[in-house]
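Here is what each chain is made of, one letter per residue.
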Amino acid sequence: MINEPLPGIAAPDSEIEAVFAHLMGIDQDGARMANAIRRTFDMLLDGQHTGRFRWEQLHKTEKTHCGTLIEINLQREFDFADGAVLDYSINGIEVDCKYSQKLADWMIPPEATDRILLGLWANDKAAQWSAGLVRASEEHLNAGANRDAKRTLSRQGRRAIRWLFRDAPLQENVLLRIPDKDIDAIFRSTSGQQRVNELFRRAQGRPISRTVVATVAMQEDYMKRVRGNGGARSTLRSEGIVIFGQYKNHVQAAVTLGLPAPGPGESVSVRFARRCTHHGVAPYLELDGEQWVVAGDDDPAELAPLLPNIGPL
């Protein structure tokens, strides 16, 4: 018996399904694709040398090149073969890569008509991204074109998108998550070390990436500003602040306290207090023979315990 599509329901597109299966097979949770997008944003902002961390701070030409950089970084990440006509050849199928700041608002060139698109969208402020596949067939395209003869997806075309990932989480840029008054306080100092110290004071309980540290420090040896021996770890210890990093025991400690687990290249700061009766059933750690909890606003500042570095991730 031949399986025919029900009336009004399009038959599956075998090439889209083949590309979909290939991409999901090599990036099941989307982490690699998300990393390529994150890397693109960070490359464009170049925070270490410019101090920029917002999309709005980019020049018009830089924004224009975002899609091209995403295309390049995806090809580097997955080692896609070049297409004969379009950007990639995936499983022997021609695929054009498109990115837009608005979801599914991709500009489709004439040579991609009737071909498969890998369309992406991301928003750094929302910390979300999406990626989907669609065939740029006539019934999926709007009639109008711009002066370069590029067209956009119609309503029907948007409905036809085979989503790989929809509104998936993008690694956060913590500088887009904290109040403006804290941003002002962080960048007020002319000292890179003082700016990093202020970052870890004011962004407690949040994962802070190496890129954010580089943006705040604006120095070549930016990670030195986080460590002990004169870095934020030693300076902030007198205020009770501990900085968890990419060590197995740090990750375990953060999870025990109900904090975000720092991933590779990430740090999480938190202020400690000695455990007292008023802390109730709050989770705690035992360090230096004492029990420590995440400090509340009413807990006084005290010298934080030393957290050993055991088992790098």
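Residues numbered from 1 in each chain as written. Predicted model: local features only at pLDDT ≥ 70, side-chain atom pairs only at ≥ 80, totals over all residues. Heavy atoms only, no water.

A word on the overall build of the protein. Across its full length, the protein holds 11 helices and 11 strands. The C-alpha extent of the protein, read off along each of the three principal axes, is 70 × 50 × 30 Å. By residue count, 47% of the 313 residues in the protein fall in the buried class. Contacts spanning at least 24 positions in sequence make up 57% of the contacts within the protein whose residues lie at least 6 apart. By element, 49% of the accessible surface of the protein is carried by carbon and sulfur atoms, the whole surface being about 16200 Å². Charge-centre separation for the protein: the mean point of 38 positive side chains lies 5 Å from the mean point of 41 negative side chains. (Helix = DSSP H or I, 4+ residues; strand = E, 2+ residues; numbered from the N terminus. Buried < 20%, exposed > 50% of the residue type's maximum accessible area, 1.4 Å probe, protein only. Contact = heavy atoms within 4.5 Å. Areas by Shrake-Rupley, 256 points an atom, 1.4 Å probe, with all protein chains shown as cover. Lys, Arg positive; Asp, Glu negative; His and termini not counted. Charge placed at Lys NZ, Arg CZ, Asp CG, Glu CD.)

A separate point is the sheet that holds strand β3 (residues 93-100). If you walk across this open sheet you meet the six strands as β1-β2-β3-β4-β5-β6, and the pairing is mixed. Edge strands, defined here as strands with exactly one partner in the open sheet, are β1 (81-82) and β6 (162-169). Bridge count between β1 and strand β2 (residues 88-90): two bridges; the pairing is antiparallel. Paired with D82 across the two strands is Y88, which belongs to β2. (Pairing = 2+ DSSP bridges.)

On to the nonpolar core. Counting 36 residues, the largest nonpolar core has L74, L118, L120, W129 and L133 as its most contacted members. If you list the elements that add at least two residues to this core, you get α1 (14-26), α2 (31-45), α5 (66-78), β2, β3, β4 (116-123), β5 (128-135) and β6. Other than its neighbours up to four places away in sequence, L118 contacts L23, L74, Y88, V95, D96, C97, K98, G132, L133 and L164. Counting 24 residues, the second-largest nonpolar core is a separate cluster that includes I186, F200, I208 and M223. (Core = buried A, V, L, I, M, F, W, Y, C linked by side-chain atoms within 4.5 Å.)

Under the criterion given, the structure shown has seven aromatic pairs. Considering the side-chain rings of F80 and Y88, the 4.8 Å spacing of their centres and the 45° angle between planes classify their relative orientation as tilted. Each member of the pair, F80 as well as Y88, carries the same accessibility label: buried. Ring geometry for W129 and F165: centres 5.3 Å apart, planes at 45°, overall tilted. (Phe/Tyr/Trp six-rings, centres within 6.5 Å; stacked < 30°, edge-to-face > 60°.)

Before going further, it helps to examine the pattern of salt bridges. For side chains bearing opposite charge, pairing can occur when the charged atoms are close. The tally for this structure, following the rule as stated, stands at 20 salt bridges. When the shortest N-O distance is used, the salt bridge between D13 and R135 registers 2.5 Å. Residue D13 is located in the segment before α1, and its partner R135 is located in strand β5; the two are separated by 122 residues in the primary sequence. One salt bridge in this structure joins E138 and R151, with 3.0 Å as the shortest N-O distance. Here E138, found in the loop between β5 and α6 (155-159), pairs with R151, found in the loop between β5 and α6; they are 13 residues apart in sequence, far enough to count as distant. (Salt bridge = Lys/Arg side-chain N within 4 Å of Asp/Glu carboxyl O.)

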